[in-house]
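# Observations on chain architecture
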Amino acid sequence: QALVKKHDAFEADLVEHQERVRSVCQEGKALVSANNYQADAIVASIAKLEDMLQALLTTADARKISLNDRFKYLQFSREVDSIQAWIEDKEPQAASQDYGKDLASVQNLIGKQDTFDASLTAFQ
């Protein structure tokens, strides 16, 4: 989750710099339109900046997808671990062969079973 937040901050920074790149490219296009003597170099610089920005945006998008996928997997994994632990904790009670020896012990076991059933229903 920390990496997702860090990437979100990176994306915010990227948006700010994206505007800066666009502004610089507009300035360059204005120079080219004004027939600046370095027009060829300016056009090449603009193309390089735009290509670099696009590559960075594509990479950032791919990273965000990967981070979100990993985050979802880890959440799922944590939930699976929790369920497995709960099942392992309840399994001995469900498999018990103790049916009680007298009325008091049977009533006690029925109470435990009711609690178990309520717990199972709540967990589902």
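Our subject is the structure listed above.
Read on for a plain summary of the structure.

Here is what the cut-offs are and how they apply
- Residues numbered from 1 in each chain as written.
- Predicted model: local features only at pLDDT ≥ 70, side-chain atom pairs only at ≥ 80, totals over all residues.
- Heavy atoms only, no water.
- Core = buried A, V, L, I, M, F, W, Y, C linked by side-chain atoms within 4.5 Å.
- Buried < 20%, exposed > 50% of the residue type's maximum accessible area, 1.4 Å probe, protein only.
- Helix = DSSP H or I, 4+ residues; strand = E, 2+ residues; numbered from the N terminus.
- Contact = heavy atoms within 4.5 Å.
- Axes fitted to C-alpha atoms, helices over the stretch in contact; angles between N-to-C directions.
- Parallel < 35°, antiparallel > 145°, perpendicular 65-115°, else oblique.
- Left-handed = near helix turned anticlockwise from the far one by under 90°.
- Expected span 1.5 Å × (residues − 1).
- Bend = angle between axes of the 7 residues up to and from the residue.
- Lys, Arg positive; Asp, Glu negative; His and termini not counted.
- Salt bridge = Lys/Arg side-chain N within 4 Å of Asp/Glu carboxyl O.

## Re the nonpolar core
- Core analysis: the largest hydrophobic core is formed by eight residues, namely Leu14, Val21, Cys25, Ile42, Ile46, Leu53, Leu57 and Ala60.
- When residues of this core are traced back to their parent elements, those giving at least two are α1 (2-33) and α2 (39-95).
- For this core, the element with the highest residue contribution is α2, accounting for five residues.
- The residues touching Leu57, leaving out its near neighbours within four places in the chain, are Leu14 and Gln18.

## Looking at the packing of α2 against helix α3 (residues 103-123)
- Viewed as axis vectors pointing N to C, α2 and α3 meet at an angle of 155°, and their least axial separation amounts to 12 Å. Classified by the angle between their axes, α2 and α3 sit roughly antiparallel to one another. As α2 packs across α3, the resulting crossing turns out to be left-handed. Of the residues in α3, those touching α2 at Ile83, Trp86, Lys90, Gln93 and Ala94 are Lys112, Gln113, Phe116, Ser119, Leu120 and Phe123.

## Some thoughts on unusual backbone geometry
- Even without being glycine, Asn35 reaches a positive phi, approximately 60°.
- Assignment of secondary structure puts Asn35 in the loop between α1 and α2.
- When its relative accessible area of 66% is taken as the criterion, Asn35 is described as exposed.

## Considerations on α2
- When the terminal C-alpha atoms of α2 are compared, their 83 Å separation across 57 residues agrees well with the 84 Å that a helix rising 1.5 Å per residue should span.
- The sharpest bend along α2 measures roughly 30° and falls at Asp89, with the proline Pro92 sitting one to four residues further on.
- Turning to α2, its buried residues are Ala39, Ile42, Ile46, Leu53, Leu57, Ala60, Leu67, Trp86 and Lys90.

## Regarding the side chain of Lys90
- Checked against the element boundaries, Lys90 lands in helix α2.
- There is no salt bridge for the buried Lys90, and the closest opposite charge comes from Asp89, which lies 4.0 Å off by N-O distance.
- Discounting residues that sit within four places of it in the chain, Lys90 has contacts with Phe116 and Ser119.

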